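An overview of the molecular structure
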Amino acid sequence: MDLLFRNARLVDTPGLVDVAVADGVITAVTASAPASADDALRGAPADGEVVDCAGRVVVPGLVEAHLHVDKALLDRERPNPDGTLAGAISVTGELKRGFTHETVRDRARAVLDQAVTNGTTLVRAHPDVDPIVGLIGVDVLLGLRDEYRDVLDLQVVAFPQEGIRKAPGTLGLLREALRNGADVIGGCTYNELTLADCHAHVETVLDLAEEFGVPADMHADFADDTSDPRYALAGYVADAVVARGMQGRVALGHVTSVASLPAAERAALFARLAAADVAVVPLPATDLHLGGRRDDADVRRGVVPVRELWAAGVTAAYSSNNVRNAFTPFGNADMLDIGLLLAQVGHLSGPDDLARVLAMATTGAARVVGVGDRYGIRVGADADLVVLSTTDPTGVLLDRPDRAFVVKRGRIVARTVRTITLSRNTPTKELSNA
Ligand SMILES: [Zn+2]
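Residues numbered from 1 in each chain as written. Predicted model: local features only at pLDDT ≥ 70, side-chain atom pairs only at ≥ 80, totals over all residues. Heavy atoms only, no water.

**Side note on empty space enclosed by the protein**
Put simply, the test is: The definitions used throughout rest on a 1 Å grid laid over the protein atoms alone, on which a cavity is an enclosed set of points accommodating a 1.4 Å probe that cannot get out and a pocket is an open set flanked by protein within 12 Å on both sides along at least five of seven lines; lining residues are those having an atom within 4 Å of a point. Grid points are joined across faces, edges and corners, and a volume is the space filled by probe spheres set on the points. Any residue outside Ala, Val, Leu, Ile, Met, Phe, Trp, Tyr, Cys, Pro, Asp, Glu, Lys and Arg is labelled polar, Gly included; the first ten of those are nonpolar and the last four are charged. Each domain's extent is set by a domain assignment, obtained either automatically or from a database.
With the rule as written, the count across this model stands at two cavities of 30 Å³ or more. In this model, the largest cavity occupies a volume close to 80 Å³. Lining the largest cavity are 14 residues, and of these Gln161, His219, His254, Asn321 and Phe327 sit closest to its centre. Across the lining of the largest cavity, the residue classes tally to six nonpolar, seven polar and one charged. Within this model, the second largest cavity holds a volume of roughly 60 Å³. Residue lining of the second largest cavity: Gly61, Val63, Thr121, Leu122, Asp153, Val371, Arg374, Tyr375, Asp382, Asp384 and Lys408, and that is the complete set. A breakdown of the residues in the lining of the second largest cavity according to their chemical character gives four nonpolar, two polar and five charged. No fewer than three residues from each of domain 1 (3–60 + 376–415) and domain 2 (62–374) sit in the lining of the second largest cavity.

**Here we look at the coordination of the zinc ion**
Inclusion rule: Metal coordination here is assigned from N, O and S atoms located within 2.8 Å of the ion, or within 3.2 Å for Na, K and Ca; omission of water means that sites may look incomplete. Irregular is the default label, applied whenever a site is not tetrahedral (four donors, all angles between 85 and 135 degrees) and neither square planar nor octahedral (four or six donors, opposite donors over 155 degrees apart, all other angles between 65 and 115). Accessibility here uses a 1.4 Å probe with only protein chains present; expressed as a share of the type maximum, an area under 20% marks a residue as buried, one over 50% as exposed, and anything in between as partly exposed.
On the protein side, the zinc ion has His66 (NE2), His68 (NE2), His219 (NE2) and Asn321 (OD1) as donor atoms, found 2.1 to 2.2 Å from it. What the four donor atoms of the zinc ion show is an angle range of 83 to 171° at the metal, which sorts the shape as irregular. Taken in chain order, the donor set of the zinc ion reads H-x1-H-x150-H-x101-N. Relative accessible area serves as the criterion here: at 2%, histidine 68 is assigned to the buried category.

**With respect to the environment of valine 91**
The cut-off we apply is this: Only DSSP runs of H or I with at least four residues qualify as helices, and only runs of E with at least two residues qualify as strands; both kinds are numbered from the N terminus onward. Between two residues, a contact is recorded if the distance between any of their heavy atoms is within 4.5 Å.
On the secondary structure map, valine 91 appears in helix H2 (residues 85–96). Valine 91 gets classed as buried once you look at its relative accessible area, which sits at 6%. Sequence-wise, valine 91 and valine 50 are 41 residues apart; in three dimensions their C-alpha atoms are separated by 50 Å. Not counting residues up to four positions away in its chain, the partners in contact with valine 91 are Arg78, Pro79, Asn80, Pro81 and Ala326.

**Quick look at the packing of helix H3 (residues 101–117) against helix H4 (residues 136–147)**
Our working definition: Only C-alpha atoms enter the line fits that serve as axes; for helices the fit covers just the stretch in contact. Angles between N-to-C directions range over 0 to 180 degrees. Every angle not falling under 35 degrees, over 145, or within 65 to 115 is termed oblique; those three ranges are roughly parallel, roughly antiparallel and roughly perpendicular. A crossing counts as left-handed when the near helix is turned anticlockwise from the far one by less than a right angle, and as right-handed when that turn is clockwise.
With their axes 10 Å apart at the nearest point, H3 and H4 run at an angle of 45° to one another. With respect to H4, the axis of H3 lies oblique. With respect to the hand of their crossing, H3 and H4 are arranged in right-handed fashion. Taken together, the residues of H4 that come into contact with H3 (itself represented by His101, Val104, Arg105, Ala108, Arg109 and Leu112) are Ile136, Asp139, Val140, Leu144 and Glu147.

Okay, here's the thing in structure tokens:
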């Protein structure tokens, strides 16, 4: 045994448990023995280290299923001129002309370090692949996938942000990225000039997924409504996935335009997505920031209705998407912050709803990125977990407690210790999470 987490409180199990870890894998989850006078004498087992969680909540490592690591932290270089999606793509396209391996690597490391300290143990990164930036983002992320191997699993998506047909040369670059080891093929289904080209974009992405044996993860339907049919392709994708037998291998990010459909049409679409096992990943920080920009009154939220995804049985995660750039000038790569935002905008409250939102960042996201079979706090799963500085499982999203310990494959990779001193009365009272 390498590590033993005693007196851990799981969000879905009554009482406290001890979680034993060896060789990076969870080897036992057993009910904690009541504290006794012998405990102090017993101390740490000879062959491992003991962390006394003291009733604190322990969750599996958080999974950031959709993050643009290569474009993070650009907001100080140039902001979005008009707050729209078109403005964000335009200004970022200009900034990309100046990207070098070094500048992308520096910003990527900064945001990945932030993610790890905030309890994230897996990131699916979507670096741009296009004739402007070439393979700089993919090259850097493939390097960081090795560099971060001990602290974070990194999946690299080859993402054609500028379109495929619209940006000649992109298809060859996508193939090169996949040959070089990219884990996932991305897509930007709406960024083509015609609906026919958007359909061809989807088919090309799915062709590449089949040819290289990788999953597909596409940006889709990112608009306030479906008046432009290029932003109403989720159903087309679902049908294509079924036709190809690719169920469970495709995820869609954003999917905001569906929110403007009548309820019956939404339900029918979500049923098609569920039947095709196409996952949906709302990206509320970006969706809210760029959505509704042209609404003069009744400004739309532009976030996919999460409760309806749950009701339809659609596999769902949520994610940060961007951290401080023209698409999203906010964020700290903190999945608990984004979860609270999603709960607030989605009319999701109370212990049951909040637990389901949190599960979107853990088991839901693990399914979306294809690691569900080795994920969770259970025997045989990877020992990726987070000890939170709270004993209240219902308060995880409300309080967004410090991540006291972040554990990757059985090794503590980040710690947060904070002392708050409250000097209201004498004597001074010390509150500490250590
Ligand atoms: Zn994105």
